[in-house]
Amino acid sequence: MTLNRMNERVTYLLEQYPRLRDDDFLLIGAVYHQFYGVEYGDSFLDVMKAHKERHLPSFESIRRTRQKVQEERL
């Protein structure tokens, strides 16, 4: 996934769900659920397994993207 695409996804979620702007863990969960099919009820271990198998973006990548989007747009 390109940064531009992650930027678009994070921007979309932040605009649709403003509460995600203040909680990186909720934002990461929303990105994984909305765009990668990870269920909210999955255990952390299942998410970590999926991270490798599905090539999920790193937590830090999502956090940095959120920070950049908020500095530039919101």
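Preceding this paragraph is the structure being described.
(A) Molecular detail of the overall build of the protein. Of regular secondary structure, the protein possesses four helices and zero strands. Across the protein, helices and strands are ordered from the amino to the carboxyl terminus as α-α-α-α. The C-alpha radius of gyration computed for the protein amounts to 12 Å, which stays within 12% of the reference 11 Å derived for 74 residues, consistent with globular compactness. Dimensions along the principal axes, computed over C-alpha positions, put the protein at roughly 35 × 25 × 15 Å. Taking the contacts inside the protein whose residues are at least 6 apart along the sequence as the reference set, 49% of them involve residues at least 24 apart. As displayed, the protein has an accessible area near 5,000 Å², and 49% of this comes from carbon and sulfur atoms. The distance from the centre of the 12 positive side-chain charges to the centre of the 12 negative ones in the protein is 3 Å.

(B) Highlighting the layout of surface pockets. There is about 230 Å³ of room inside the largest pocket. Lining the largest pocket, in full, are Phe25, Ile28, Gly29, Tyr32, Val38, Glu39, Tyr40, Asp42, Ser43, Phe44, Val47 and Phe59. Looking at the lining of the largest pocket, the elements that each hand over two or more residues are helix H2 (24-36) and helix H3 (44-53). The leading source of residues in the lining of the largest pocket is H2, at four residues. Classifying every residue of the lining of the largest pocket by side-chain character gives eight nonpolar, two polar and two charged.

(C) Main features of the environment of histidine 55. Counting through the fold element by element, histidine 55 comes out in the loop between H3 and helix H4 (59-72). A C-alpha to C-alpha distance of 9.3 Å links histidine 55 and tyrosine 36, two positions 19 residues apart in sequence.

(D) A look at the environment of alanine 50. Relative to the helices and strands, alanine 50 is located in helix H3. Along the chain, alanine 50 and tyrosine 36 lie 14 residues apart, while their C-alpha atoms are 9.4 Å from each other. Non-local contacts of alanine 50, meaning those with residues more than four positions away in its chain, are made with His55 and Leu56.

The rules we used
Residues numbered from 1 in each chain as written. Predicted model: local features only at pLDDT ≥ 70, side-chain atom pairs only at ≥ 80, totals over all residues. Heavy atoms only, no water. Helix = DSSP H or I, 4+ residues; strand = E, 2+ residues; numbered from the N terminus. Rg over C-alpha atoms; globule rule 2.2 N^0.38 Å. Contact = heavy atoms within 4.5 Å. Areas by Shrake-Rupley, 256 points an atom, 1.4 Å probe, with all protein chains shown as cover. Lys, Arg positive; Asp, Glu negative; His and termini not counted. Charge placed at Lys NZ, Arg CZ, Asp CG, Glu CD. 1 Å grid on protein atoms, 1.4 Å probe; cavity = no way out; pocket = protein on both sides within 12 Å on 5 of 7 lines; lining within 4 Å. Points joined across faces, edges and corners; volume = space filled by probe spheres on them. Nonpolar A, V, L, I, M, F, W, Y, C, P; charged D, E, K, R; others polar.

Interpretation note: all reported values are geometric properties and have no functional meaning in isolation.
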